[in-house]
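A structural walkthrough
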Amino acid sequence: MPPAHNDARPLNVLFVTPECAPIAKTGGLGDVSAALPPALREEGIDARVLLPGYTSVLDAFPAAREVAALEVLGQPVRLLESVLATGVPLVIVDCPHLYARGGGPYQADDGDDWDDNALRFGVLAKAAAICGSEATPLSWRPDIVHCNDWPTALVPVYLAFTEGKRAATMITIHNLAFQGLFQFSDIRALEIPEAALGADGMEFHGRASFLKGALLHADAITTVSPTYAQEIQGPELGFGLEDVLKARRDALFGVLNGIDTATWNPATDPNIARPYGLLTLERKMASKRALKKRMKLAGSDDIPLLATVSRITHQKGIDVIASTLGEITKLAQVVVVGAGDREMIEQLKAAQARHPGRVGLSIGFDEPLAHLVEAGADIFLMPSRFEPCGMNQMYSQRYGTPPIANATGGLVDTIVDDATGDTLDGTGFLIPEASPDALLEGVVRALAARSNPSHWKRLQTNGMTRDFGWEPAARMYRRIYERIRPTS
Ligand code: ADP
Ligand code: GLC
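Residues numbered from 1 in each chain as written. Chains lettered and ligands numbered in written order. Predicted model: local features only at pLDDT ≥ 70, side-chain atom pairs only at ≥ 80, totals over all residues. Heavy atoms only, no water.

1. What to know about the site of ligand 2
Surveying the vicinity of ligand 2 reveals 14 residues, the closest of which are His174, Asn257, Glu387, Cys389 and Gly390. Asn257 is positioned such that a nitrogen or oxygen atom in its side chain is 2.9 Å from an oxygen atom of ligand 2. Pro388 is positioned such that a nitrogen or oxygen atom in its backbone is 3.4 Å from an oxygen atom of ligand 2. Here the shell around ligand 2 is built from residues that sort into six nonpolar, six polar and two charged. Split by domain, the shell around ligand 2 shows at least three residues from each of two domains, domain 1 (12-258 + 470-484) and domain 2 (278-464). (Near = heavy atom within 4 Å. Polar contact = N/O pair within 3.5 Å; in protein donor to acceptor, adjacent residues only side chain to side chain. Nonpolar A, V, L, I, M, F, W, Y, C, P; charged D, E, K, R; others polar. Domains from an automatic or database assignment.)

The following block contains the structure:
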């Protein structure tokens, strides 16, 4: 990596992302993309966001101004400019036949990937790469193009093979399980240089991996927690890319995500039944009652309420929760809010039918309900098999809802285990593995702690007073940007 240098000119950063809450969100990347750029601007960085022109994006910015019309990989593209609600300048890559359709960013409503994803995200990356090169049609030139996950991972590949002055590149890995793997026949139109494609390049077990391209060519690689940065260099969580990551470990950094402490604040949250804070924790009960009513869970206020809000996938261990419900429902009521894997949803529905009045299920993406769950639950469940960072365990601590979570990735870095049952700084419960037995033990341990009101209050207040703001991450990104910033 080039040495740091002191250039007085402010850093210009183009933050390229396939998601940005609340306009386009499937998970934590949407939250990060909404909150990190404003925090970078607070650090004196001129950060701007570049997003695909999904229908939701075009609808949110009807007055976006066209600043350029160009052909990108043979597709007619317009670059539009607007400003996000947070005040961050926005560039929209408008190409309606690729982005302006129903469904989600990556998938149709039936859950199948869009079959033109290679082209959709190839065009996005190529447009961003053009903005980072001498050929940019924008009046503003980025020093750094900060990319996020596989949909943006071709940017460092394109820029590495671009003549003339170019921006430096950073790829942030939010989830190594998603790599953007395509048949070579599907990427023919993407104008990827031949030299980038071989076994030493993007080739990955006979297919082309967008993410591997970025890992090879980005000037810096980051991931969203220090523990995950270590884990992905090993075979268990490296998803076959551990050797590539190890080879680049000098350019690899773990930067822990923060949370948007304004959006996720129980004292001001409009989605919960009654605001509360450290000194008014008893008001949390109003949200518990509202959540139970909505989920049709009867019975006394005292019955513990355990909950999760999550993509319903193997990663998140929702099957582990489902297979433990028989035991857990003897001790508590359980709420699951999420969307995803059809089989796991069937498993949850079957458990709900077996335990009437004990399990609440809401299938679908529901942002206001996610807030009510954070406030209304007594305990948050996160038995993830792996977790690059995880946002919900931070939200739940802020809402006085201690999490039970598997000791993996960012969960280790953000939860202080109530190790001895009388620790002064505990904020939740870490379990040793994502298995039904370990989860059940965690639940038993948490419920024992909850039966001691003063101890429980300490756990809650420890979590509520932790500083999960974005400032430390923004400062760390600034230091990495400064190291890779081009010298002229
Ligand atoms: P991941 O990005 O792996 O899905 P994170 O914990 O980082 O996991 O972030 C998940 C984010 O998505 C949180 O803000 C969570 O509340 C939200 N979320 C996930 N599923 C749903 C859902 N069904 N309804 C509302 N919000 C959801
Ligand atoms: C990914 C990860 C999650 C992380 C989020 C934001 O979706 O699965 O752990 O919190 O990205 O970085």
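2. Concerning unusual backbone geometry
Geometrically, the link from Ala21 to Pro22 is a cis peptide bond, its omega value of -5 degrees lying close to zero. One can find Pro22 in the loop between strand 1 (12-16) and helix 1 (28-42). Despite not being glycine, Glu191 has its phi angle at roughly 55 degrees, a positive value. Structurally, the position occupied by Glu191 is in the loop between strand 8 (181-182) and strand 9 (203-204). Phi angles above zero are rare outside glycine, and Lys296 is one such case at about 55 degrees. Along the chain, Lys296 turns up in the loop between helix 9 (284-294) and strand 13 (305-312). (Helix = DSSP H or I, 4+ residues; strand = E, 2+ residues; numbered from the N terminus.)

3. Some details on the domain arrangement of the protein
When the domains of the protein are assigned, the result is domain 1 (12-258 + 470-484) and domain 2 (278-464). At the junction of the two partners, domain 1 supplies 23 residues and domain 2 supplies 18 residues. Taken over both partners, the interface formed by domain 1 and domain 2 buries close to 1400 Å², and the fraction arising from carbon and sulfur atoms is 59%. When the buried surface of domain 1 facing domain 2 is broken down by residue, Lys25, Thr227 and Leu256 rank first, second and third, together holding 25% of it. At the boundary of domain 1 with domain 2, the tally comes to one salt bridge. Put simply, Glu367 and Lys25 hold a salt bridge, and the shortest N to O gap is 3.3 Å. In this assembly, domain 1 and domain 2 are joined by nine residue pairs in polar contact (both at pLDDT 80 or more). Broken down by secondary-structure element, the contributors of at least two residues to the side of domain 1 that touches domain 2 are helix 1 and helix 7 (226-231). In the side of domain 1 that touches domain 2, the residues fall into nine nonpolar, nine polar and five charged. (Contact = heavy atoms within 4.5 Å. Buried area = accessible area lost by both parts, 1.4 Å probe. Salt bridge = Lys/Arg side-chain N within 4 Å of Asp/Glu carboxyl O.)

4. Some points on the pairing of strand 11 (residues 220-223)
The alternating pattern of strand 11 places Ala220 and Thr222 on one face and Ile221 and Thr223 on the opposite face, and all of these are buried. The pairing of strand 7 (residues 168-173) with strand 11 spans four bridges and is parallel. By the bridge assignment, Met170 is partnered in strand 11 with Ala220. Sheet topology note: the strand 11/strand 12 (residues 252-254) ladder contains three bridges and is parallel. Looking at the pairing, Thr222 lines up with Phe253 of strand 12. (Buried < 20%, exposed > 50% of the residue type's maximum accessible area, 1.4 Å probe, protein only. Pairing = 2+ DSSP bridges.)

5. Some points on helix 17 (residues 471-484)
Over its 14 residues, helix 17 runs 20 Å from end to end, which matches the ideal 20 Å to within 8%, given 1.5 Å per residue. Residues of helix 17 that are buried sit in contact with strand 1, helix 1, strand 6 (144-148), strand 7, strand 11 and strand 12. (Expected span 1.5 Å × (residues − 1).)

6. Overview of the site of ligand 1
Inspection of the region around ligand 1 gives 19 residues, with Gly28, Asp31, Arg311, Lys316 and Gly364 positioned closest. The separation between an oxygen atom of ligand 1 and a polar side-chain atom of Asp31 is 2.7 Å. Contact distances for ligand 1 include 3.2 Å between an oxygen atom and a side-chain N or O atom of Asn392. Here ligand 1, which alone exposes 560 Å², has 93% of that area covered by the protein. The set of elements that each furnish at least two residues to the shell around ligand 1 consists of helix 1, strand 13, helix 12 (367-376) and helix 13 (392-398). The element that contributes the greatest number of residues to the shell around ligand 1 is strand 13, accounting for three residues. (Areas by Shrake-Rupley, 256 points an atom, 1.4 Å probe, with all protein chains shown as cover.)

7. Looking at the nonpolar core
If you look at the biggest cluster of nonpolar residues, it comprises 136 residues, and the most contacted ones within it are Leu190, Ile192 and Phe210. Considering every element that reaches this core, the biggest residue donor is helix 4 (residues 117-131), with eleven residues. For Ile192, the residues in contact, after removing those within four places along its chain, are Leu154, Val157, Tyr158, Ile187, Leu197 and Met202. Counting residues in each nonpolar core, the second largest holds 31 residues, with Leu361, Phe429, Ala438 and Leu459 among its members. (Core = buried A, V, L, I, M, F, W, Y, C linked by side-chain atoms within 4.5 Å.)

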